[in-house]
Amino acid sequence: MSEIRNIAIIAHVDHGKTTLVDKILHQCNLFRENQATGELILDNNDLERERGITILAKNVSVQYKGTKINIIDTPGHADFGGEVERVMNMADGVILLVDAFEGPMPQTRFVLQKAISAGKKAILVINKVDKPNCRPEEVHDSVFDLFFNLDATEDQLNFPTVYGSSKQGWMGPDYKTPTADVTHLLDVIIANIPTAPKREGTLQIQITSLDYSSFIGRIAVGRIFRGIIKENMPVSVVKRDGKIQKSRIKELFVFEGLGKMKVSEAETGDICAFTGIEGFEIGDTVADFENPEGMPTMHIDEPTMSMLFTINNSPFFGKDGKYVTSRHLRDRLYKELEKNLAMRIEETNSPDSYLVFGRGILHLSVLIETMRREGYELQLGQPQVIVKEIDGKKCEPIEVLTVDVPQESSSKVIDLVTQRKGNLLIMEPKGDLTHIEFEIPSRGIIGLRNNVLTATAGEAIMAHRFKAYEPWKGHIPSRIAGVLISKDKGAAVAYSIDKLQDRGKFFIEAGEEIYPGMIIGEHIRPDDLVVNICTEKQLTNMRASGTDDKMRIVPKINFSLEEAMEYIQEDEYVELTPKSIRMRKTILNENDRKRVSKSVSA
Ligand SMILES: Nc1nc2c(ncn2[C@@H]2O[C@H](COP(=O)(O)OP(=O)(O)OP(=O)(O)O)[C@@H](O)[C@H]2O)c(=O)[nH]1
Ligand SMILES: [Mg+2]
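Residues numbered from 1 in each chain as written. Chains lettered and ligands numbered in written order. Predicted model: local features only at pLDDT ≥ 70, side-chain atom pairs only at ≥ 80, totals over all residues. Heavy atoms only, no water.

Undergrad: Describe the coordination of the magnesium ion (ligand 2), naming the residues involved and giving the relevant values.
TA: In the first shell of the magnesium ion (ligand 2), the protein supplies Thr-18 (OG1) and Thr-54 (OG1), at 1.9 Å from the metal. Here Thr-18 is found in helix H1 (residues 17-27), whereas its partner Thr-54 is found in the loop between helix H2 (46-51) and strand E2 (58-64), with 36 residues between them in sequence. For the pair Thr-18 and Thr-54, one class covers both residues: buried. (Donors = N, O, S within 2.8 Å, 3.2 Å for Na, K, Ca; no water. Helix = DSSP H or I, 4+ residues; strand = E, 2+ residues; numbered from the N terminus. Buried < 20%, exposed > 50% of the residue type's maximum accessible area, 1.4 Å probe, protein only.)

Here it is, written out as structure tokens:
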């Protein structure tokens with residue numbers, strides 16, 4: 001049997017992990033010459049492709065110089081950090097990828113810290129050296145400092161460094177001299193990452209992640225820590241709580257190239273996937289039938305945020321969705337629990353509403369966007385961070401936030417962040433930009449991105465990462481502006497929008513159908529304003545007929561799903577259908593709203 005190397009690729013979001021894995025696959029000749037390989041083949045679900053981000057970790061495997069290399073591509077976005085930590089358990093070493101311009105970012109620090117404390121050996125890849133303003137040497141030094149600050153051992157500090165450009169498809173010892181391909185990196189992996197140890201004895205595999213197939217359902221994935229696994233083998237499953245469940249492996253696979261290959265047995269050190277275990281959970285150990293020994297339990301991420309999911313009860317419900325009832329919503333959410341590891345559901349006292357807990361805005365929005373595409377209609381409440389009581393004190397999640405921004409905009413960013421209880425930690429030059437670091441409550445980050453991008457004409461690069469729970473930081477001012485609310489039901493009229501342009505900015509355009517209580521724009525003042533924009537100009541007014549040509553309506557503001565999720569306040573919903581994203585007041589009727597707000601303030 002050949003030697004095996006198991007390696008995970010870890011990095012901050014967008015530093016080029018998936019591009020690199022694609023190039024490695026390519027190098028090892030997995031693609032026939034005529035196969036189109038334009039897009040990232042690994043990011044294979046629709047949302048991953050559209051957004052250009054990896055959402056789920058993926059296993060691939062290549063053969064190089066007689067060695068099998070299992071590679072785990074991981075997601076870089078902070079919401080999926082728990083996934084990275086977990087799948088790193090399957091590897092003996094990591095490739096830490098760092099962008100040659102950006103250098104170490106919050107998620108670089110987070111994943112490296114996990115790798116170091118798990119005792120993994122790392123290879124540093126400084127990627128994107130083709131970028132014109134890159135600074136590979138400085139970046140190398142700052143990564144070294146990072147290793148040092150994270151208490152790396154002497155051996156870990158001795159990491160090899162490889163430079164290159166995933167995009168151009170080369171990796172070499174020197175950034176000034178491009179090579180022809182990525183073989184240099186593969187050689188460095190073989191030379192530096194320990195061979196997967198072959199442990200003899202009875203079977204032990206800890207289920208570390210899962211694959212999902214619409215035919216077979218859930219497929220367990222894990223690394224064979226000890227022994228041999230065979231198809232149809234009777235096994236015992238040691239649950240997290242120590243209970244033992246008798247079971248049997250059905251089909252067994254190992255990873256090969258981009259896919260899985262069915263095998264009759266797999267040996268210690270390899271990563272495999274299997275079916276047959278009913279109702280398994282992440283962290284369960286699959287072990288010997290007679291003498292099962294569990295492995296130490298694995299840390300699983302707790303959710304940090306919750307949102308109310310409720311059926312669509314706006315006047316426009318059911319217009320373009322296929323699935324609109326509470327039964328549909330409930331079934332879909334519970335089905336998601338089977339594969340979405342960091343998600344939780346809590347019932348509310350209404351059968352129409354569920355509290356869904358997740359790891360952040362992106363984690364939840366991926367689910368919501370998927371549901372929309374499947375034909376669901378639903379409404380969402382304002383995202384809430386999870387508050388905990390620690391030693392009798394109310395505590396909330398605090399994050400480290402970094403913003404890289406042109407120097408002239410830095411003071412605006414600092415203003416915005418400090419208004420939301422952010423503390424400035426570091427401010428230093430980074431290439432042509434200014435690098436600023438803050439500590440800020442997660443609450444303060446919700447909605448911040450829109451404001452920062454507006455204040456910096458879209459030039460700021462923001463990233464944040466959970467740090468710890470700390471005592472509640474007090475009131476944070478929410479959205480500063482009030483909203484424009486529609487009074488009527490009907491189609492919006494250009495003439496009416498035009499007349500109200502000095503009152504704010506619109507989220508809708510002429511001809512769009514609106515309903516009473518729908519949020520149609522942002523008010524220039526802090527209070528909400530109910531307006532009528534469905535009235536046509538009086539045709540009898542002949543004198544004004546010429547003025548239509550002079551009408552200049554500012555284009556409407558289009559919100560993405562995440563922007564809408566971050567925009568709404570406590571008394572508002574985002575309404576989602578396969579075709580539209582609308583925002584509305586929870587209470588549509590103006591008089592009812594007034595009554596409720598009076599009784600709240602009383
Ligand atoms: N200039 C340049 N761009 C690169 C290089 N490698 C990747 N990119 C680009 O960077 C972007 C992100 O690349 P991905 O490979 O998707 O990054 P990732 O690390 O997998 O991102 P996540 O999975 O979302 O964390 C894409 O637009 C790539 O084309 C490189 O070496 N040079
Ligand atoms: Mg990726």
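Here the narrative resumes.
Undergrad: Explain the site of ligand 1 to me, and be specific about the residues and the numbers.
TA: Near ligand 1 lie 19 residues; those nearest to it are Lys-17, Thr-18, Thr-19, Thr-54 and Asp-130. Taking Asp-14, its main chain carries an N or O atom lying 3.1 Å from an oxygen atom of ligand 1. Thr-54 is positioned such that a nitrogen or oxygen atom in its side chain is 2.7 Å from an oxygen atom of ligand 1. Taking 650 Å² as the accessible area of ligand 1 by itself, protein coverage stands at 84%. The element contributing the most residues to the shell around ligand 1 is H1, with three residues. Of the residues in the shell around ligand 1, the class split is three nonpolar, 10 polar and six charged. (Near = heavy atom within 4 Å. Polar contact = N/O pair within 3.5 Å; in protein donor to acceptor, adjacent residues only side chain to side chain. Areas by Shrake-Rupley, 256 points an atom, 1.4 Å probe, with all protein chains shown as cover. Nonpolar A, V, L, I, M, F, W, Y, C, P; charged D, E, K, R; others polar.)

Undergrad: Could you give an account of the nonpolar core, naming the residues involved and the relevant values?
TA: Ile-10, Ile-72, Leu-96 and Phe-147 are the most contacted members of the largest nonpolar core, which totals 39 residues. It is helix H4 (residues 106-117) that contributes the most residues to this core, five residues altogether. Residues within four places of Ile-72 in sequence aside, it is in contact with Ile-7, Ala-8, Ile-9, Ala-57, Lys-58, Asn-59, Val-87, Met-90, Ala-91 and Ile-271. In this structure, Ile-361, Leu-367, Val-385 and Phe-507 belong to the second largest nonpolar core, which totals 32 residues. (Core = buried A, V, L, I, M, F, W, Y, C linked by side-chain atoms within 4.5 Å. Contact = heavy atoms within 4.5 Å.)

Undergrad: An account of the environment of Gly-169 is requested, with residue identities and associated values reported.
TA: Looking at the element boundaries, Gly-169 is found in the loop between strand E6 (161-165) and strand E7 (170-172). Note: C-alpha distance between Gly-169 and Pro-136 (33 residues apart in sequence) is 17 Å. Beyond its immediate chain neighbours, meaning those up to four positions away, Gly-169 contacts Lys-23, Ala-180, Asp-181 and Val-182.

Undergrad: Outline the pattern of salt bridges, supporting the account with residue identities and numerical values.
TA: Summed over the entire model, instances satisfying the criterion amount to 40 salt bridges. Across the salt bridge formed by Arg-226 and Glu-293, the nearest N and O atoms sit 3.0 Å from each other. With a gap of 67 residues between them, Arg-226 in strand E9 (residues 217-226) and Glu-293 in the loop between strand E17 (285-287) and strand E18 (305-310) connect regions that are remote in the sequence. Here Arg-226 falls in the buried class, since its relative accessible area comes to 15%. You can call Glu-293 partly exposed: its relative accessible area is 40%. Ionic pairing is found between Glu-512 and Lys-556, a salt bridge with its closest N-O pair at 3.1 Å. Of this pair, Glu-512 sits in the loop between strand E30 (504-506) and strand E31 (513-514) while Lys-556 is found in the loop between strand E33 (529-531) and helix H14 (561-567), placing the two residues 44 residues apart along the sequence. Judged by its relative accessible area of 24%, Glu-512 is partly exposed. (Salt bridge = Lys/Arg side-chain N within 4 Å of Asp/Glu carboxyl O.)

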